[in-house]
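Structural overview for review
Residue-level listing of the chains:
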Amino acid sequence: MFAFAKFIGLTLKKVSSMSYLGIDIGTSGVKAVVFSETGQILSSAHQEYPTYSLQPGWFDLDPHEVVASSKAVISKVSAKVRNSDSVRSIGISSQGEAFTVLDKDDKFLCNAMVSFDTRSQKQVCEFTEIFGAERLYNITGHSAHTIFSVFKILWLKENQPQLFARIKRLLCFGDLLGYELTGKAAISYNLAGRTMLFDVRMLEWSDEILYAIGLDKSALSEALPAGYPIGNLKKDIAGELGLGSDVIVTTGGHDQSCGAVGVGAASS
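The rules behind the values
Residues numbered from 1 in each chain as written. Predicted model: local features only at pLDDT ≥ 70, side-chain atom pairs only at ≥ 80, totals over all residues. Heavy atoms only, no water. Buried < 20%, exposed > 50% of the residue type's maximum accessible area, 1.4 Å probe, protein only. Helix = DSSP H or I, 4+ residues; strand = E, 2+ residues; numbered from the N terminus. Pairing = 2+ DSSP bridges. Polar contact = N/O pair within 3.5 Å; in protein donor to acceptor, adjacent residues only side chain to side chain. Contact = heavy atoms within 4.5 Å.

**With respect to the pairing of strand 1 (residues 19-25)**
With six of its seven residues buried, strand 1 lies for the most part within the structure. Where strand 1 lies against strand 2 (residues 29-36), seven bridges are found, and the strand directions are antiparallel. Paired with leucine 21 across the strands is valine 34, a residue of strand 2. Here strand 1 folds back onto strand 2, and the loop between the two strands holds three residues. Bridge analysis of strand 1 against strand 5 (residues 87-94) gives seven bridges, and the strand direction is parallel. Along strand 5, the bridge assignment pairs tyrosine 20 with serine 89.

**Overview of the side chain of histidine 142**
Examined against the element boundaries, histidine 142 turns out to sit in the loop between helix 4 (133-140) and helix 5 (149-159). Take histidine 142: its relative accessible area is 17%, and that puts it in the buried class. A polar contact of 3.1 Å, which involves the side chain of histidine 142, links it to the backbone oxygen of glycine 193. Apart from the residues lying within four places of it in its own chain, the contact partners of histidine 142 are Leu136, Tyr137, Phe148, Gly193, Arg194 and Met196.

**Some words on the environment of serine 78**
Among the secondary structure elements, serine 78 is positioned in helix 2 (residues 63-79). Along the primary structure serine 78 and glutamate 204 are separated by 126 residues, whereas in three dimensions their C-alpha atoms are 34 Å apart. Not counting residues within four places of it along the chain, the set of residues in contact with serine 78 comprises Val87, Leu241 and Leu243. Within the local environment of serine 78, its side chain forms a polar contact with the backbone oxygen of serine 75, the two atoms lying 3.2 Å apart.

Next up, the structure:
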């Protein structure tokens, strides 16, 4: 995680006694680690949350629990370095595909279907037949599968149309936490690619796919490179977490890709 945490701080101006906080939002829990500039682990914390399954093939997370747990581990690790190596920046990696939908008042509309939720098999077959498997692959770089967000969105549209109509924001867990911390919705190209709504050649949301599923682009976060500063912590959130409001939050990426950077399988 250090390679990732250091990577997200490369564009930031260095100050004395700076540390980097990396947070990884997984399917069963969230972990935060604070590193010194030389890679020494200064503090770490982990907190689990449950995965719910109301029917066979259904698996989801409560976004309230995920956000609360994320804040809790950030508070724990930052408290340990507050008087020595204050946190300068926070980089967020997260599981892919899972997303949360919010209404116009930023209220969560439902739980988040995780990657191994398979309730959207019907939508995979029907949408691929209509849109075209090769066309879909050429835009997204992926073959149709229930793992991807686009089919879960279609499931919501077809099975809970009144809820779908109320969607104001659709956020993966990485940009959800970034939005909670800064008030700005931004997602890395890498994580956006896991939704199967993203044009991986043009590095932008696909108008073709969004039109086909009936989702307004305004609901999606701004897509940015990994390690790109999103903004500073909101003052109320900074106080809640015990951090300074000058702490910069940056885009991160899909946890598997960030892990690859960490073990040297990829480089910035």
